[in-house]
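Listed below are the residues making up each chain.
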Amino acid sequence: MLRFQMKDKYNQTKLGQYSQELAQRLSQDHYLQHETVTAQQLISFTPVKQVNLYMIRELLTLWNHEMANLRSPYFDFEHPEVKDALVQFMNVLSRKISIRRPHFEPLLLKAIQDTFRATLDPVAVFEEKFLRLDELSVAKLHETLKYQDIDKDLYRRFLDTLSDDSLERTSITSRLEQFLQLNEQERTSLEELVSRFNELQPVTAAELLPQPTVIAPAPAEPTPAPALATPPVTPPATYGSNGSAVSSTESAPFFRPVISNEPKLNERFQTEQKPTLNERLKQPANASLADRQQDQKIGSLRDAISINQRFSFINELFDGDNMSYHEAIKTLDTFDSADAAKNYLLQEVGSKYNWARKEDHVQKLTKLIERKYA
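Residues numbered from 1 in each chain as written. Predicted model: local features only at pLDDT ≥ 70, side-chain atom pairs only at ≥ 80, totals over all residues. Heavy atoms only, no water.

1. As for the side chain of Lys152
Point 1. Mapped onto the elements of the fold, Lys152 is located in helix H8 (residues 152-160).
Point 2. Aside from chain neighbours lying at most four places away, what touches Lys152 is Leu145, Lys146, Asn315 and Glu316. (Helix = DSSP H or I, 4+ residues; strand = E, 2+ residues; numbered from the N terminus. Contact = heavy atoms within 4.5 Å.)

2. Points about the confidence of the model for the protein chain
Any residue range with low pLDDT should be treated as having predicted coordinates unsuitable for detailed reading.
Point 1. In the predicted model, the protein chain carries a mean pLDDT of 79, and 75% of its residues have values of at least 70.
Point 2. Below a pLDDT of 50 lies the segment residues 1-7, which in the model reaches twelve contacts outside its immediate sequence neighbourhood of four places, other chains included.
Point 3. Overall, residues 243-291 carries pLDDT values under 50, and its contacts beyond four positions in sequence, including any with other chains, amount to 29 contacts. (pLDDT = per-residue confidence, 0-100.)

3. Overview of the pattern of salt bridges
Point 1. Enumeration over the complete set of coordinates arrives at 20 salt bridges.
Point 2. Among the salt bridges present, the one from Glu78 reaches Lys83, with a minimum N-O distance of 3.1 Å.
Point 3. When its relative accessible area of 47% is taken as the criterion, Glu78 is described as partly exposed.
Point 4. Note that Arg156 is salt-bridged to Asp153, the shortest N-O span being 2.8 Å. One end of the pair is Arg156 and the other is Asp153, both in helix H8 and three residues apart, which spans about a single turn.
Point 5. With relative accessibility at 47%, the residue Asp153 sits in the partly exposed group.
Point 6. When salt bridges that share partners are traced, they join Lys110, Asp114, Arg117, Glu128 and Lys129 into one network. (Salt bridge = Lys/Arg side-chain N within 4 Å of Asp/Glu carboxyl O. Buried < 20%, exposed > 50% of the residue type's maximum accessible area, 1.4 Å probe, protein only.)

Spelled out as structure tokens, the structure:
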């Protein structure tokens, strides 16, 4: 009799082995020729776009945690000059990304695993990537889509069904599970994802699925030998204080089992369960610092665009083409007026891409152009 252990949605051992082997080989190939991984190399490190995006997202998350540690009770980090300096510092630093192998390989390994899990266990990955924010809002959830490639339009449609009045995490995951079941045919299949990875290292969909557990039939119990008849044994009589005999049933003490009110082990674990490391590490995002400078004049687009904006523009407006993005920004910095720059952006650059549903990102870039030529 064959039976799948349904609690396992995928073969975790095989996925871990494959991800580790692939991460090691890709890292080995890269670091034979380079000492570090730079920002431009990170954007297109693998032909699987989702892997690159998940690496960028994880890097920025770790970076935000480290930036939060810079805050000190001895200085005024809310002062406008300090905020401006921090924004400039982050922008400059983002152009100097340099990751050595001991730090990069774990980043790559996790991104490979999460990319497969986005198909194998999408609700869990959505919870990790989208819902671990201090404050949830529909706008913030949509902003996180810039790091999603697999089933991106499907997730966008799901987010369109949400409202800020009903953003309870448990409810969102439950609704997402139902939404994905209803739209199962539109989801990226495991076979399709595997075909992308086969360009890097062979793997099959069957290897990543849970392996059947063979349950052998229980051996037949031996037939017991017939019991020999024995004469009944009469228990010795028990006598009371008055000398009369008392039956054994009357003398037997009666015990009532005591039911303890102590909670079961699993209940105690649920009560005492501590927050996860990710939950303890969550810090307020620093991305809002750039938003506070919306009306200030900037010297150049290249220097003013933050790392979050840069990756967002490359992914959303330039289809992940890093070189095309840098060429466009370089050209936009050479115009004499905002009108000329915006005309170039919308007519010459925009005509090469489908920006029909990218108005928000286009507006952010045109706003930066207006600030430069203000």
